[in-house]
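Residues per chain are reported as follows:
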Amino acid sequence: MMIENDQIRVELIESIKKLEIVELGELTTDREYAGHFYFLLAMVVAADGKVKNSEVNLLNSICGKLGFPTETAKQVLQWVTDLIKLNKDRNQMTELLKDIKPVFVLK
């Protein structure tokens, strides 16, 4: 686990739920895990279909704490924005598809 102390882990989860910025200190972990963690966090931010300023600040802060360059936060935020747009498009298309009468082709 990246956060091995249970109390710190619980405090971190609670602060994320409240959209609070938390001072984490430098996090050290393997780089692949750090990348997966950062994208997972970005997907949590995108879950409600919008990105708030506090969420951008949180992602920027954690990006630095994970040792990634500032440009990484911008790239991941762009990915999150694209993900939100794709999800909205999918939902709109699904809504339209439900009204199409089925057509069966016999061969």
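Look up: the structure comes first, before these words.
Scoring rules and cut-offs
Residues numbered from 1 in each chain as written. Predicted model: local features only at pLDDT ≥ 70, side-chain atom pairs only at ≥ 80, totals over all residues. Heavy atoms only, no water. Salt bridge = Lys/Arg side-chain N within 4 Å of Asp/Glu carboxyl O. Helix = DSSP H or I, 4+ residues; strand = E, 2+ residues; numbered from the N terminus. Buried < 20%, exposed > 50% of the residue type's maximum accessible area, 1.4 Å probe, protein only. Core = buried A, V, L, I, M, F, W, Y, C linked by side-chain atoms within 4.5 Å. Contact = heavy atoms within 4.5 Å. Patch = residues over 30% accessible without salt bridge, like charges linked within 9 Å, V, L, I, M, F, W, Y side chains within 5 Å. Areas by Shrake-Rupley, 256 points an atom, 1.4 Å probe, with all protein chains shown as cover. Axes fitted to C-alpha atoms, helices over the stretch in contact; angles between N-to-C directions. Parallel < 35°, antiparallel > 145°, perpendicular 65-115°, else oblique. Left-handed = near helix turned anticlockwise from the far one by under 90°. Nonpolar A, V, L, I, M, F, W, Y, C, P; charged D, E, K, R; others polar.

S.K.: It is not clear to me how the pattern of salt bridges should be interpreted in this structure. Could you clarify?
M.R.: When the charged atoms of two side chains lie near each other, side chains of opposite charge can form a pair. A complete count under the given rule lists five salt bridges for this structure. E14 is paired through a salt bridge with K17; the nearest N and O atoms lie 3.7 Å apart. In this pair, E14 and K17 are both assigned in helix 1 (residues 6-17), three residues apart and thus about one turn of the helix distant. Since its relative accessible area comes to 34%, E14 is described here as partly exposed. Of the charged contacts, one joins D89 and K85 as a salt bridge, the two residues approaching to 3.0 Å between their closest N and O atoms. One end of the pair is D89 and the other is K85, both in helix 4 (residues 70-97) and four residues apart, which spans about a single turn.

S.K.: Please explain unusual backbone geometry as it appears in this structure.
M.R.: Among all residues except glycine, the phi angle is most often negative; among peptide bonds, the trans geometry is most common. Of note in this structure, L19 is not a glycine but carries a positive phi near 60°. With respect to the helices, strands and loops of the structure, L19 is situated in the loop between helix 1 and helix 2 (31-46). Look at L19 and you get partly exposed, because its relative accessible area is 33%.

S.K.: Help me out: how do you make sense of the nonpolar core in this one?
M.R.: If you look at soluble globular proteins, the nonpolar side chains tend to sit buried side by side. Of all hydrophobic cores here, the largest spans 17 residues; its most connected members are Y38, L59, I62, L66, F68 and V80. For this core, the secondary-structure elements that each account for two or more residues are helix 2, helix 3 (53-65) and helix 4. Sequence-distant contacts of Y38, that is, excluding residues within four places in its chain, are made with L59, N60, I62, C63, L66, F68, T72, A73 and V76.

S.K.: I'm lost on a nonpolar patch on the surface in this one. Help?
M.R.: A contiguous nonpolar patch, built from F39, L40, M43, V44 and W79 and spanning about 440 Å² of accessible area, is present on the exposed surface. It is helix 2 that provides the largest number of residues to the nonpolar patch, a total of four residues. Mapped onto the secondary structure, W79 falls in helix 4. Under the relative-accessibility criterion, W79 is labelled partly exposed at 33%.

S.K.: In this structure, what is going on with the environment of E55? I would like to understand it.
M.R.: Turning to its location among the elements, E55 is positioned in helix 3. Separated by 13 residues in the primary sequence, E55 and A42 have C-alpha atoms spaced 8.9 Å apart. The contacts of E55, once residues within four sequence positions are left out, are L19, V45, D48 and K50.

S.K.: I would appreciate a short explanation of the packing of helix 3 against helix 4 in the present structure.
M.R.: Packed helices, taken two at a time, are described by the angle between their axes plus the distance between the axes. Orientation of helix 3 relative to helix 4, taken along the N-to-C sense of each, is 135°, at an axis distance of 9 Å. The orientation of helix 3 relative to helix 4 falls into the category oblique. The chirality of how helix 3 crosses helix 4 is right-handed. Of the residues in helix 4, those in contact with V56, L59, N60 and C63 of helix 3 are T72, A73 and L77. A per-class count over the contact of helix 3 with helix 4 returns five nonpolar, two polar and no charged.

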